[in-house]
Amino acid sequence: MDGNPEQKPAEAVSPEIPGMKEARARMDSKYWDAREGNLTLTQEVMRELAEDFKNRLMPTVQALEKVAITFENPLVLATALPLVQNMRINRALADIASVPEGQTMIDDLGETKVKIQPDPRFSGGSNIFFPSYKNGEMTVKNFEIHAQGYAKHGTVVAILLHELHHERQVKGGVMKVFNDKVPSPVEQLWYERAMEADAQATATDIAWKLKEAGKPAAWNALAGGFNCMGHIAKAYERNVDKLPNAVATGTAKRAAFDAWFTAKNMFGDSLSEIYNTQALQNMPSAENMDAMKKAGKPFTPLTVDDIAKLGDIAEVNYLKAPGGKPLDSIDYRRADYNAWQSSSLNFKHQVYDEIKAGTYQPPGVNSKFTVPKEPAIPNIAMPTSAASVVRASKLKLY
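Just so it is clear, the structure is predicted and the values come from calculations on it, not from any experiment.

Colleague: Even after reading the chapter, I still don't get the overall build of the protein chain, so can you show me in this structure?
Modeller: Check the secondary structure of the protein chain and you find 16 helices and 4 strands. The 398 residues of the protein chain split such that 52% are buried. At a minimum sequence separation of 6, the contacts of the protein chain that also span at least 24 residues come to 74%. For the protein chain, the computed accessible surface area is about 17800 Å², with 57% contributed by carbon and sulfur atoms.

Colleague: Sorry if this is basic, but what is going on with the environment of asparagine 265 here?
Modeller: Counting through the fold element by element, asparagine 265 comes out in the loop between α12 (251–260) and α13 (271–281). Of the residues examined, asparagine 265 reaches a relative accessible area of 9% and is grouped as buried. Note: C-alpha distance between asparagine 265 and methionine 229 (36 residues apart in sequence) is 9.3 Å.

Colleague: Sorry if this is basic, but what is going on with the nonpolar core here?
Modeller: Side chains of a nonpolar character, in soluble globular proteins, are inclined to be buried together. Core analysis: the biggest nonpolar cluster contains 87 residues, and Leu160, Leu161 and Phe257 have the highest contact counts within it. In contact with leucine 160, not counting residues within four places along its chain, are Ile89, Ala92, Leu93, Ile96, Val114, Ile145 and Ala147.

Colleague: I'm lost on empty space enclosed by the protein in this one. Help?
Modeller: Taking a probe equal in size to a water molecule and rolling it over the atoms shows the remaining empty space. Across all of its chains, the model carries 2 cavities of 30 Å³ or more by this definition. Here the largest cavity defines a volume of roughly 60 Å³. Taken together, Lys176, Val177, Phe178, Gln188, Tyr191, Glu192, Ala279, Asn282 and Met283 form the lining of the largest cavity. The residue makeup of the lining of the largest cavity, split by class, is 5 nonpolar, 2 polar and 2 charged. In this structure, the second largest cavity occupies an estimated 50 Å³ of space. For the lining of the second largest cavity, the residue count by class is 7 nonpolar, no polar and 1 charged.

Colleague: Would you mind going over unusual backbone geometry with me for this structure?
Modeller: Glycine aside, residues mostly have negative phi, and peptide bonds are mostly found in the trans state. Non-glycine residue asparagine 135 carries a positive phi angle of around 55°. Note that asparagine 135 resides in the loop between β2 (125–134) and β3 (137–148). Looking at asparagine 135, the relative accessible area reads 67%, which means it is exposed.

Colleague: Help me out: how do you make sense of the pairing of β2 in this one?
Modeller: Across a regular strand the side chains alternate sides, sitting on one face of the sheet and then on the other. Sheet topology note: the β2/β3 ladder contains 10 bridges and is antiparallel. From the neighbouring strand, serine 126 faces β3, where its bridge partner is histidine 146. Hairpin connection of β2 to β3: 2 residues between the antiparallel strands, including asparagine 135 at a positive phi of 55°.

Colleague: Where do I start with helix α7 (residues 153–171) in this structure?
Modeller: A turn of α-helix holds 3.6 residues, and therefore any two residues three or four places apart point the same way. Under the 1.5 Å per step criterion, the end-to-end length of α7 is 27 Å for 19 residues, consistent within 8% with the ideal 27 Å. Most of α7 sits inside the fold, with 18 of its 19 residues counted as buried. Following α7 by one or two positions, glycine 173 adopts a phi angle in the positive range, close to 75°.

Colleague: When you look at α13 in this model, what are you seeing that I'm missing?
Modeller: For α13, the tally of buried residues reaches 9 of 11 residues, placing the bulk of the element in the interior. Listed as buried for α13 are Leu271, Ser272, Ile274, Tyr275, Asn276, Thr277, Gln278, Ala279 and Leu280.

What counts and what doesn't
- Residues numbered from 1 in each chain as written.
- Predicted model: local features only at pLDDT ≥ 70, side-chain atom pairs only at ≥ 80, totals over all residues.
- Heavy atoms only, no water.
- Helix = DSSP H or I, 4+ residues; strand = E, 2+ residues; numbered from the N terminus.
- Buried < 20%, exposed > 50% of the residue type's maximum accessible area, 1.4 Å probe, protein only.
- Contact = heavy atoms within 4.5 Å.
- Areas by Shrake-Rupley, 256 points an atom, 1.4 Å probe, with all protein chains shown as cover.
- Core = buried A, V, L, I, M, F, W, Y, C linked by side-chain atoms within 4.5 Å.
- 1 Å grid on protein atoms, 1.4 Å probe; cavity = no way out; pocket = protein on both sides within 12 Å on 5 of 7 lines; lining within 4 Å.
- Points joined across faces, edges and corners; volume = space filled by probe spheres on them.
- Nonpolar A, V, L, I, M, F, W, Y, C, P; charged D, E, K, R; others polar.
- Pairing = 2+ DSSP bridges.
- Expected span 1.5 Å × (residues − 1).

Take a look at the structure:
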């Protein structure tokens, strides 16, 4: 592979894929060269200052929130004690199990451990899972679910609702899209967005049902703030107010799913921008993709049916309900990658295209091409705060 940014076989072969043309244009270094060339020195300095401001302010905002929480509930200060952790987890899981959909989540939990994370620097939640590859097949094994300890009870419940749905996604075979095919890297990223939106839409849906059952803490945590989760919860609630059967038919849940793609944090960063880095880091290595190809796994585009399968593990598949926009709408596939993400996507696409064409050669001693070594860490789904596992986010959603 020559590393030429003009190499765009995926676009040439599949120009009909919605969003692909825009994605490939954004990956081209010429896009960024032109953009940077149009910035004045003052604009460049202001952009760097704004980024630095976000990086410095967010931890301060999170710390102040946690101080306020400890004043309201001093028991949070004892979260590091195993007895208190178990008490808080058991209370949260009992709330979740009080509605049928929540009980199903608990039933599907299996051996995965649920833990309160006592570190005050940890925000949101994480679902830690280990992917493995054998004979061209990818399998995923859950390990642990973590929830923020310095948080109100309702926040812990809301976090766990999202994480427990990730558990169901793994066991339902829809956490990743590689069961039947290997789509291109940007399509893998689009799927990751849909997977995360599905998890948050589910958390919002069950939080509403908990409220209706007399346990409003999780709903209040989601809807009570001017943040990403509040934006999603309010979209759900507006749909319920408009349509009497919105909860039963899944249209309110679809409204929450759609709202994920327009939600932004206080700095104007969209959820899709924030999760781009997670998606890039969770993609298979070149070696594993090559093994899939050699095992006969088709390298074919992502389809609407692939995304709709995310809804199959729910009681009602809201992604197949009539009235929603097409699942390959450009609204779900915005080319909102920053310069680093665009460069990484371009690199991964070049590798993917060579593997697909059967011309890929793993880098060796005499190779001019070097693939960065994959970090030996588990994959992590980060539904509530990408900052919780120190990846690319400045976001604190709760």
